[in-house]
Amino acid sequence: MKKASSMLDKKFKKISKGVMVCAVSSLSLASCVSNPMVGVGGGNSLSSSQGNSSVKLSMMTAIALSNVNVRADAGTEHSKVYALKKDQRVEILSEKDNWYQIKNPSDTSKPVGWVRYDFLVVDVVPAQTRQAEVAKDVKMRSGPGTSHKVVTIAKAGSNLVVNGIDGRWYKVVAGDKEGWIRNDFVVVNSEEGSVNVASTPVRATSKPAASDDTPTSFAGFLNGMTNKLNGTSSSAGSEQVNKLTTAAVAGPVMPLERRVDYAGYSADFQSIKKEMMSGDLDGAYEELKKRDKELVEGAKTTKEFAEEADLLTLMEYGSLSLDKGDTDTARDYLTYAEDALKERDQRSQTADLANSGLSNLASVAGFGELGEYTPQSFERILLLNYKSVAYLLEGKREAFNVAQRAIDLQNEERKIFEKQIAEAKSDLDSKKSSGFVDASVFDIVGKVFDGFNKEDVKKANIVKDAFVNPFGDYVAGMIYELDGYRDRDMLSNALISYKKASELNPSASFLKKAVSDMESRKIARGEHKIVHIVIADGIAPARKTMTYGLPLPTGVIPIKVPVYVSEENKVGKVTVSVKGRGGSLNLEDLANVEAIALRHDVDSRPLKDLTTLVNVVRTVAEKKVASGFGFIGEIISNVRESVSNPNMRAWMTLPSSFKANRLIVPASAKEITVSTYSKSGKRLTSETVSLTNEGPSIIYGRSLNGTLTLQSSAKTWVVN
């Protein structure tokens, strides 16, 4: 056994074969000796046993979150020696100044290099095999990647044994078949419930000798925190957590300091967003395909791609395909995404993972991006809004059914969200009254978001809550109005839908005009025709990591939480004009996505406060545990803190708003012109689009910082 992880370091203890040791990986303890001696042993010489199954422990390794340069030393001022590719595995040798020293993964004979910690995810090596279940039908492959051949199709609900991990892939056994499945298609079981091995600390299987200053085990602390979260306090670990809430902890930020940065998924998406903001939607799509090169090359059809892709990937491809004019592909991706959501909702009815204390801990453990993506409520609704637009552009009435599902879903999501907030408030009150931690800690935690980003809070207050998206009701009214070409009685239904849309967005004058027209049963026919225009403008707020220096009586804890921050938009207004007619009309906000996203963030404050409180308890406990293991414990603590980023995934291709208007134009009109203007009134761009020759037209466009693309619908069902 050596003092540190290098053949050059001094040997200070010899361990006999068969002696039980405490093996420490990046976050976990595998099994422990009775004598708490701490050192480093070669990963190839150690294994973890449990029953008849075992998984060999490796050295500390990590995978690259994105393509990244490797430097000659720790710092960007040093020369580049080579580059890592996204998902490439490396071995970590040492750490300094927030940089990891790594071996060259392609040629170990070449010099080592350095990578910043936030470009790597340090592996959590399972301490034992785990029973698991397949989340949805998925291909089991012969190796960790879609380039490997398919061994079999693992059916949703079937049982697996997980016995290895390589990046985002699990090595599994299912019956007489052995192969690899991506981790977001697998739900792994533990004693506390169904959780993800890659995102959950592994339990210790035996305990070192206890003392007043040494924790009984890492698992003891996890159990203690879990018991406190679930309202029990009978374990020794729970008692130790009580003592730790006032422990001194040194943080990387100053007290009350806030740092807001891109991290994880949102950081990885910046190259795609850059192409979008330049107006190059085809370039953005190609960047998206580069990011998902392994999936793209392994799939021959859209269906095969959808079977391997996660939900968020399908959503990004769907909206971006629609924006660049590939309506058929967009509809397919959005349909696969909706189906994936339905399937997961059905699973959640039979397996409520939220009741697991350990799962609750895992959700704030900083590895949320390794599991299934859970869309925000407003994202689920917008998914259906996008799909209804795809059908409208194809001239198909199927858009109505999708719009109705969006309306129903928004009502359901409101109830779910209100229940979650009420429960979070109740949980906070209960923890405060029960003495979960010192009352002063609650007061300090409550200040984490106070005064943060006041301008965005003002934008959030534009809407009364996050469930006022009128898009579904507007589309329903639009379809009923078009049905009125054949049956004027349908205008009564259009009136009801337009009224509901106007109630959700009372500031939109074009919705009030639609209500007035339906009340007078006015329909554009004969010498006139109707044009509905919807423009997706700007980029929705970005999800970033806010690191806050939370001061406790004797130290500072760095708390990392996801926050939405609005993005700059050069466009101040969008107008539409008809050739041969004087003047123009402004497009108005139909669905203010920016305000809705920011409002959702503001209204989620009780959930964030609860998460922050759990993070405080967890962080202090982990640092205390790590301190009991000397030098290695310090490394573990630094690694844990450096990679503990919250789930930064969000639907990045969404617009900041959907702007719309409803026009009555001469039947002879052949085209309309859409223009965008800066906030100072300077015209940025103008584009002209043709109207359908017969009957109503539906126009959809994408506006991005002075660039504009437009597309017109096919003939609608009322003239086909």
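Residues numbered from 1 in each chain as written. Predicted model: local features only at pLDDT ≥ 70, side-chain atom pairs only at ≥ 80, totals over all residues. Heavy atoms only, no water.

1. Quick look at the overall build of the protein
Here is step 1 of the chain: Looking only at helices and strands, the protein has 20 helices and 29 strands in total.
Here is step 2 of the chain: Evaluated residue by residue, the protein yields a buried proportion of 55% over its 720 residues.
Here is step 3 of the chain: In the protein, of all internal contacts separated by at least 6 residues, the share reaching a separation of at least 24 is 69%.
Here is step 4 of the chain: For the protein, the computed accessible surface area is about 31,000 Å², with 48% contributed by carbon and sulfur atoms. (Helix = DSSP H or I, 4+ residues; strand = E, 2+ residues; numbered from the N terminus. Buried < 20%, exposed > 50% of the residue type's maximum accessible area, 1.4 Å probe, protein only. Contact = heavy atoms within 4.5 Å. Areas by Shrake-Rupley, 256 points an atom, 1.4 Å probe, with all protein chains shown as cover.)

2. Considerations on the confidence of the model for the protein
Do not read the predicted coordinates in detail wherever pLDDT is low.
Here is step 1 of the chain: On average, residues of the protein score 77 in pLDDT, and 73% of them reach the 70 mark or higher.
Here is step 2 of the chain: Counting interchain partners and residues more than four positions distant, the pLDDT-below-50 stretch residues 17-58 has 104 contacts.
Here is step 3 of the chain: Taken as a whole, residues 350-368 scores under 50 in pLDDT and shows 43 contacts with residues more than four places along the chain or in a different chain. (pLDDT = per-residue confidence, 0-100.)

3. As for the sheet that holds strand β28 (residues 697-704)
Here is step 1 of the chain: The mixed open sheet is built from 5 strands, whose spatial order is β24-β25-β19-β28-β29. Of all the strands in the sheet, the pair left with one neighbour each is β24 (588-591) and β29 (707-712). This sheet shows a mean twist of 30 degrees between the axes of neighbouring strands, independent of strand direction.
Here is step 2 of the chain: Note that β28 and β29 share 6 bridges and pair antiparallel. Its bridge partner being in β29, I699 is matched across the sheet by S712. (Pairing = 2+ DSSP bridges. Axes fitted to C-alpha atoms, helices over the stretch in contact; angles between N-to-C directions.)

4. Topic: unusual backbone geometry
Here is step 1 of the chain: Even without a glycine there, the phi angle at N705 is positive, about 50 degrees.
Here is step 2 of the chain: Note that N705 resides in the loop between β28 and β29.
Here is step 3 of the chain: Residue N705 is classed as buried on the basis of its relative accessible area of 19%.

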